[in-house]
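Residue-level structure breakdown
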Amino acid sequence: MTSQRTRERLIQRLRTEGIRDDVVLGAIRAVPRHLLIDEALASRAYEDTALPIGYGQTISQPYIVARMTEVLRAGRLLDKVLEVGTGSGYQTAVLARIAKQVYTIERLEPLQKLTRGRLVRVGVRNVQYRFGDGSRGWPEHAPYDGIIVTAAAASLPEALLSQLAIGARLVIPVGPDSVQELLLIQRHETGYTREHLERVSFVPLVEDLS
Ligand code: SAH
C-alpha cells in the first residue's frame, strides 16, 4: 500500500519515536519512498525498516533518515548540504526538501545512474551528483552548512571535517559492524565538538585507498 494513509501512519510512528521537527516530518511525508525502490518491494515502502536496493546496499530506515536530518538541520535553514552515499536517493530527496542545494556522492556508478533517473522522475531538481569516494568530500563546493554520511566509516574522514563551514554540522556513523555510533560533529571558530547520539547499523563506507 502506497496510499496517503500508510504514509500518515509512518509519520505518526516517527513522532512516537521522538522526531519533533515538523519541517523534517513534512519532508518525509512528501517523499515518495515507494518510487525509489524496486516495484516488488513497493508495498513495504512505508514500513519503518531498511530494505535491499541491490548491489549489496540498503535504503535507510525512515526513522534513521528523519533522526539524522533533524540533527543536521537543528532548526536552521540550510543552503548547501553534502551527502556521502547516495544509495536509493531516499535521504537525498529528503535533504533536497530542506536545503537549497544538495551535493551527493556515490561510489557505485550504476546505482547512482539508476537513482538519478528515479529522482529526476519524481521531480527532485536541486541535486548535483558525483561518482567516486565520498570520504574525500567534494572540495569544489565547500564549505557546507551540513554533511551527512550514510555509510559507516572506520574513523572520521579528515577531508569532511575541513569542508564544514564554521557553525556547520556533520552527522556520521563511525565504527565496525557491531558497534557503530552515530556521531554529531560541530565546527566552531576554535575547533570541533563531538557528541555520541545512538547505536546504529549501516553498510560500510568503502574508502578508496589508491
Ligand atoms: N542514504 C542511502 C543509504 C544507502 S547505503 C539510502 O537511504 O538509500 C550506503 C551507500 O553508500 C551505498 O549506496 C554505498 O555504495 C555508498 N558508499 C559506500 N562507501 C562510499 C564511499 N566511500 N563514497 C561514496 N559512497 C559510498
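This section reports on the structure supplied with the text. Predicted, not measured: the structure shown is a model, and the values here were computed from it.

We now examine the packing of helix 3 (residues 62–73) against helix 4 (residues 90–98). Following both chains from N to C, one finds helix 3 and helix 4 inclined at 35 degrees, their axes separated by 10 Å at the closest point. Between helix 3 and helix 4 lies a crossing whose hand is right-handed. Residues Pro-62, Val-65, Met-68, Thr-69, Leu-72 and Arg-73 of helix 3 lie in contact with helix 4, whose contacting residues are Tyr-90, Gln-91, Val-94, Leu-95 and Ile-98. Taken together, the residues of the contact of helix 3 with helix 4 sort by class into eight nonpolar, two polar and one charged.

Moving on, we come to the site of the ligand. The environment of the ligand is formed by 26 residues, the closest being Ser-88, Glu-106, Asp-133, Gly-134 and Val-206. Contact distances for the ligand include 2.9 Å between an oxygen atom and a backbone N or O atom of Ser-60. Isolated, the ligand exposes 580 Å² of accessible area, and the fraction of that covered by the protein chains is 99%. Among the cavities detected, the one that contains the ligand is the largest pocket. Breaking the shell around the ligand down by element, the ones donating at least two residues are strand 2 (57–59), strand 3 (78–84), helix 4 and strand 4 (99–106). A class-by-class count of the residues in the shell around the ligand yields eleven nonpolar, eleven polar and four charged.

On to the packing of aromatic side chains, then. This structure, assessed with the given rule, holds two aromatic pairs. Measuring from centroid to centroid gives 5.4 Å for Tyr-103 and Trp-138, while their planes differ by 80 degrees, and the two rings are edge-to-face. Of the two residues, Tyr-103 is situated in strand 4 and Trp-138 in the loop between strand 5 (127–131) and strand 6 (144–149); the sequence distance between them amounts to 35 residues. For the pair Tyr-103 and Trp-138, a shared accessibility class is recorded, and that class is buried. Ring geometry for Tyr-103 versus Tyr-144: centroids 5.8 Å apart, planes at 65 degrees, classification edge-to-face. Here the residue Tyr-103 occupies a position in strand 4, and Tyr-144 occupies one in strand 6, the gap between them amounting to 41 residues. A relative accessible area of 7% means that Tyr-103 is categorised as buried. Here Tyr-144 falls in the buried class, since its relative accessible area comes to 0%. One aromatic cluster is present, built from ring pairs that chain together Tyr-103, Trp-138 and Tyr-144. Here the basic side chain of Arg-33 rests over the ring of Tyr-90, its NZ or CZ set 5.0 Å away from the ring centre.

Calculation rules
Residues numbered from 1 in each chain as written. Predicted model: local features only at pLDDT ≥ 70, side-chain atom pairs only at ≥ 80, totals over all residues. Heavy atoms only, no water. Axes fitted to C-alpha atoms, helices over the stretch in contact; angles between N-to-C directions. Helix = DSSP H or I, 4+ residues; strand = E, 2+ residues; numbered from the N terminus. Left-handed = near helix turned anticlockwise from the far one by under 90°. Contact = heavy atoms within 4.5 Å. Nonpolar A, V, L, I, M, F, W, Y, C, P; charged D, E, K, R; others polar. Near = heavy atom within 4 Å. Polar contact = N/O pair within 3.5 Å; in protein donor to acceptor, adjacent residues only side chain to side chain. Areas by Shrake-Rupley, 256 points an atom, 1.4 Å probe, with all protein chains shown as cover. 1 Å grid on protein atoms, 1.4 Å probe; cavity = no way out; pocket = protein on both sides within 12 Å on 5 of 7 lines; lining within 4 Å. Sits in = over half its atoms within 2 Å of the grid points. Phe/Tyr/Trp six-rings, centres within 6.5 Å; stacked < 30°, edge-to-face > 60°. Buried < 20%, exposed > 50% of the residue type's maximum accessible area, 1.4 Å probe, protein only. Lys NZ or Arg CZ within 6 Å of the ring centre and 35° of its normal.

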